[in-house]
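Here is how the chains run, residue by residue.
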Amino acid sequence: YVASLQGADGSFTGDEWGEVDTRFSYCALLCLTILGKLQSVNVPAAASFVAACKNFDGGFGCTPGNESHAGQVFTCIGALALADSLHLVDRDLFCWWLCERQTPSGGLNGRPEKLEDVCYSWWCLSCLSILGRLHWIDQGALTRFILNCQDEEDGGISDRPEDMADVYHTFFGIAGLTLMGYPGLQAIDPLWALPVEVVRRVKAQQQTAQESS
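Residues numbered from 1 in each chain as written. Predicted model: local features only at pLDDT ≥ 70, side-chain atom pairs only at ≥ 80, totals over all residues. Heavy atoms only, no water.

## Remarks on the pattern of salt bridges
Phase 1: Going through the model one piece at a time under the given rule, you end up with six salt bridges.
Phase 2: Between Glu-19 and Arg-23 there is a salt bridge, with the nearest N and O atoms lying 3.9 Å from each other.
Phase 3: Residue Glu-19 is classed as partly exposed on the basis of its relative accessible area, which comes to 46%.
Phase 4: A salt bridge links Asp-21 to Arg-23, with the nearest nitrogen and oxygen atoms 3.0 Å apart. (Salt bridge = Lys/Arg side-chain N within 4 Å of Asp/Glu carboxyl O. Buried < 20%, exposed > 50% of the residue type's maximum accessible area, 1.4 Å probe, protein only.)

## Things to note about the packing of helix 1 (residues 22-35) against helix 3 (residues 70-82)
Phase 1: Contact geometry of helix 1 with helix 3 gives a least axis separation of 8 Å together with a crossing angle of 40°. When the axes of helix 1 and helix 3 are compared, the pair comes out oblique. Of the two possible hands of crossing, helix 1 and helix 3 adopt the one that is left-handed. Contact with helix 1, carried on its side by Thr-22, Arg-23, Ser-25, Tyr-26, Leu-29, Leu-30 and Thr-33, involves Gln-72, Phe-74, Thr-75, Cys-76, Gly-78, Ala-79 and Leu-82 of helix 3 and no other residues of that element.
Phase 2: Of the residues that constitute the contact of helix 1 with helix 3, the class distribution is seven nonpolar, six polar and one charged. (Axes fitted to C-alpha atoms, helices over the stretch in contact; angles between N-to-C directions. Helix = DSSP H or I, 4+ residues; strand = E, 2+ residues; numbered from the N terminus. Parallel < 35°, antiparallel > 145°, perpendicular 65-115°, else oblique. Left-handed = near helix turned anticlockwise from the far one by under 90°. Contact = heavy atoms within 4.5 Å. Nonpolar A, V, L, I, M, F, W, Y, C, P; charged D, E, K, R; others polar.)

## With respect to the nonpolar core
In globular proteins that are soluble, nonpolar side chains generally tend to be buried together.
Phase 1: Among the nonpolar cores identified, the biggest contains 63 residues, and Leu-29, Phe-60, Ile-77 and Phe-94 are the most heavily contacted of them.
Phase 2: Counting only elements with at least two residues in this core, the list comes to helix 1, helix 2 (43-51), helix 3, helix 4 (91-99), helix 5 (120-130), helix 6 (139-148), helix 7 (167-179) and helix 8 (196-212).
Phase 3: Sorting elements by how many residues they give to this core places helix 3 first, with nine residues.
Phase 4: Ignoring sequence-local partners within four residues, the contact set of Ile-77 consists of Phe-60, Leu-86, Val-89, Phe-94, Cys-127, Ile-130 and Leu-131. (Core = buried A, V, L, I, M, F, W, Y, C linked by side-chain atoms within 4.5 Å.)

## Describing the side chain of Thr-170
Phase 1: In this structure, Thr-170 sits in helix 7.
Phase 2: Thr-170 gets classed as buried once you look at its relative accessible area, which sits at 19%.
Phase 3: Within the structure, the side chain of Thr-170 is placed 2.9 Å from the backbone nitrogen of Ile-157, a separation counted as a polar contact.
Phase 4: Within the structure, Thr-170 has its side chain in polar contact with the backbone oxygen of Asp-166 (distance 2.7 Å).
Phase 5: If near-sequence neighbours (up to four positions away) are discounted, Thr-170 is found in contact with Gly-156 and Ile-157. (Polar contact = N/O pair within 3.5 Å; in protein donor to acceptor, adjacent residues only side chain to side chain.)

## Observations regarding the layout of surface pockets
Phase 1: In this structure, the largest pocket spans a volume of roughly 220 Å³.
Phase 2: Together, 13 residues line the largest pocket, and Arg-23, Gly-71, Phe-74, Thr-75 and Trp-123 are the ones closest to its centre.
Phase 3: Where the lining of the largest pocket is concerned, the elements lending two or more residues are helix 1, helix 3 and helix 5.
Phase 4: Classifying every residue of the lining of the largest pocket by side-chain character gives nine nonpolar, three polar and one charged. (1 Å grid on protein atoms, 1.4 Å probe; cavity = no way out; pocket = protein on both sides within 12 Å on 5 of 7 lines; lining within 4 Å. Points joined across faces, edges and corners; volume = space filled by probe spheres on them.)

As structure tokens, this is what we get:
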């Protein structure tokens with residue numbers, strides 16, 4: 001099924017209706033990686049399509065020609081990493097663009113001149129972590145921003161301080177804190193977006209299956 005969604009240009013559609021988006025590239029490649037079936041698609045073509053979505057600022061859009069967005073870049077960097085094609089990324093330029101997402105509040109935004117939002121703590125930090133540039137941002141300021149978004153009475157984390165908490169921002173806030181090594185949290189893999197222990201078990205099972213085949 002997943003392989004059937006890949007187009008001739010290497011892109012992936014989300015369903016039978018044919019919408020193309022780099023989010024689907026990441027989801028498809030990760031599904032196949034987890035299943036040990038990555039060879040069932042044209043991986044170089046998939047990487048080439050994602051690389052074609054790169055912009056002059058170093059970021060990536062959802063399709064070629066679309067503006068860079070901090071939520072979208074995670075799927076692009078993730079897809080390229082899964083395809084063993086991170087050499088197609090201009091690491092310094094791209095990571096500098098990510099660092100420019102940090103606002104005076106310590107939080108990160110998705111695009112220039114936009115408000116900061118806790119969810120970008122994951123989208124941006126995961127990319128910086130994958131590319132070995134996590135130290136390029138002020139982690140202390142970002143940690144304080146995320147913690148200030150907590151609802152001290154009912155629990156949960158919101159997009160910005162004083163807004164209503166929701167499960168979406170709670171997850172991404174915790175995930176961001178985890179990538180920065182906040183004490184007491186289980187480590188999360190920045191590429192698979194799963195706990196490191198889960199990724200370790202999946203890879204061990206794959207290795208066992210290969211050895212017994």
